[in-house]
Amino acid sequence: MSWLVTGGAGYIGAHVVDAFREAGLGCVVLDDLSSGVAGFVPEDVPMVRADLLDGAAVERALREHEVTGVVHLAGFKYAGVSVQRPLHTYTQNVTAMVSLLGAMDAAGVDRCVFSSSAAVYGTPPDDVVTEATPTRPESPYGESKLAGEWLLRDVARASGLRATSLRYFNVVGSGRPELYDASPHNLFPLVLSALAEGRTPVIRGTDYPTPDGTCVRDYVHVADLARSHVAAARRLEAGDAVEPVYNLGSGDGASVREIMSAVARVTGVDFTPEEADRRPGDPPRIVARGDLAARDLDWAMRHDLDDMVAGAWAAQQRAQQRVQREG
Ligand SMILES: O=c1ccn([C@@H]2O[C@H](COP(=O)(O)OP(=O)(O)O[C@H]3O[C@H](CO)[C@@H](O)[C@H](O)[C@H]3O)[C@@H](O)[C@H]2O)c(=O)[nH]1
C-alpha cells in the first residue's frame, strides 16, 4: 500500500513524508516544485513532478505507484497574498483539488487526508476554537480551504470516498535541520532570517486587545502535526470512523512578543524588535483545542515553544550556510 503525498517537497509535506517512512508506510511524492524543494524528498521516496491540474498525469501516477490513499497538502498557502490573487488561489486550491479528486475517482483511490487551515474560522467569536465554532473565513485562502472540505464531503456522499480534513494552526519548527520553512510571509521564518542577516525583527501591531497588545496564535510543531497524518491514514486504511474535520491546535496561545522573547532566549541573540503598524487582516487571537485529534489521531504536543524555535533556528542557519556556500 502506498500513499501519495501532494506537496510532499514542501516544508510541511516533507515532514509528513518523514513521518510515513518512520511508521513504515509507503509513500510517493507528487509536487510541481513551484515552491517545494526537490532535495527535501528522501532519495528512496519516488517523486513525481506534475501539476495537479494535469489530471491525466495524476491518474497515471496513482496507477503506476499503486496508490491506495492521498494526503493532499499541495496548494497556495499565503492568506494575505490571496486577497490580491483570488483567481490564482482558487485555481491552486479548488480547481486543482477537483482535478485530483477526479483522478482519484478514475484510479479507484478512495481515501484522502486533506490539509485544511485555521483560516477557515476567520476571527472566531470563541476564546478557544473547537470544531463546532462557526466557519467564517476572511480571505480567499480561507475560503478555498473551506471549499476543499466541502468538496470532500460532497464526493464522499456521492462515491463513498473516505476522507478527513486537518485544520492546521500555526505550524513551525523543524524535525531535521535540512527542512526549513522558506515562507516569505510568516513570523518564524521572517524573524529568524532577519536575525541571521543582522536585521531587526518587526512586530506587526502592538495595539490589539490582547494582554501585551500583540497577536496571539496557537503554534504547533511540524513533526507533531506530521504524526497525526499517519494516524489519520491508518484509521482510513483500517476502516475506523473519522471526524470530517479535526483542529490541530494546542489549546495554548503565544503572543508575538512572547515569540520574540523565546527567540532571543533560545538563539542567544540579544535584540529589541521594531514595532510597526498592524498587518491588515490579522485576527487578534486564534487558539484551538485539539481534543478530538488527541482522541483519534495520536495528537499531542511533544515539543514545547523552545523546541519549536530551536529546530527552526537550526534549519534556518543551515539554509543560510548553503546560500552563502553557493554564492
Ligand atoms: O514579521 C512579522 C510577521 C508576522 N507577524 C505577526 O505574527 C503573527 C503570526 O503571523 P504568521 O506567521 O504570518 O501566521 P498567521 O497570519 O497567523 O497565518 C498562518 O497561520 C494560518 C493558520 O492560522 C495559516 O492558515 C496561514 O497559512 C499561515 O500563514 C501575526 O499576528 C502577524 O501579524 C509579525 O508581528 N511580524
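These figures come from a predicted structure and were not determined experimentally.

*Asks:* Just to check I follow, could you spell out the domain arrangement of the protein chain for this structure?
*Replies:* Bring the parts together and some accessible area is lost; that lost area is often taken as the interface size. According to the domain assignment, the protein chain contains domain 1 (2–172 + 219–248) and domain 2 (187–217 + 251–287 + 302–325). For domain 1 versus domain 2, the separation of C-alpha centres amounts to 26 Å. Secondary-structure elements contributing two or more residues to the side of domain 1 that touches domain 2 are α3 (79–84), β7 (170–172), β10 (219–221) and α7 (222–238). Its residues assigned to classes, the side of domain 1 that touches domain 2 comprises nine nonpolar, six polar and two charged.

*Asks:* Help me out: how do you make sense of the UniProt feature "domain: NAD-dependent epimerase/dehydratase" (unreviewed entry) in the protein chain in this one?
*Replies:* In the numbering used here, UniProt assigns the feature "domain: NAD-dependent epimerase/dehydratase" (unreviewed entry) to residues 3–249. Annotated as residues 3–249, this span is 39% helix and 19% strand, and its ends, taken at the C-alpha atoms, are 25 Å apart.

*Asks:* How should I be thinking about the sheet that holds strand β9 (residues 216–217) in this particular structure?
*Replies:* One key point about sheets: their strands pair by backbone hydrogen bonds, in either a parallel or an antiparallel sense. With mixed pairing, the three strands of this open sheet are ordered in space as β12-β9-β14. A strand with exactly one partner marks an edge of an open sheet, and here the two such strands are β12 (254–255) and β14 (285–286).

*Asks:* Please clarify how the environment of Gly290 should be interpreted in this entry.
*Replies:* Position of Gly290 relative to the elements: it lies in the loop between β14 and α9 (291–296). Considered as a pair, Gly290 and Arg167 are 123 residues apart in the sequence and their alpha carbons are 10.0 Å apart. Setting aside residues no more than four positions away along its own chain, Gly290 makes contact with Asn247, Leu248, Gly249, Ser250, Gly251 and Trp299.

*Asks:* What am I meant to see in the pairing of strand β1 (residues 2–6) here?
*Replies:* Across a regular strand the side chains alternate sides, sitting on one face of the sheet and then on the other. In terms of residue burial, β1 counts as a mostly covered element, since four of its five residues are buried. Pairing geometry for β1 and strand β2 (residues 26–31), over five bridges, is parallel. Along β2, the bridge assignment pairs Val5 with Val29. The parallel pair β1 and β2, bridged by helix α1 (residues 11–22), forms a crossover whose chirality is right-handed. By the bridge criterion, five bridges tie β1 to strand β4 (residues 67–72) in an arrangement that is parallel. Looking at β4, one finds that Leu4 is bridged to Val70.

What counts, and at which threshold
- Residues numbered from 1 in each chain as written.
- Predicted model: local features only at pLDDT ≥ 70, side-chain atom pairs only at ≥ 80, totals over all residues.
- Domains from an automatic or database assignment.
- Helix = DSSP H or I, 4+ residues; strand = E, 2+ residues; numbered from the N terminus.
- Nonpolar A, V, L, I, M, F, W, Y, C, P; charged D, E, K, R; others polar.
- UniProt positions renumbered as here; feature names shortened; annotations may be inferred.
- Pairing = 2+ DSSP bridges.
- Contact = placed C-beta atoms within 7 Å.
- Buried ≥ 20, exposed ≤ 12 C-beta atoms within 10 Å, placed from the backbone.
- Right-handed = clockwise from strand over helix to strand, strands pointing away.

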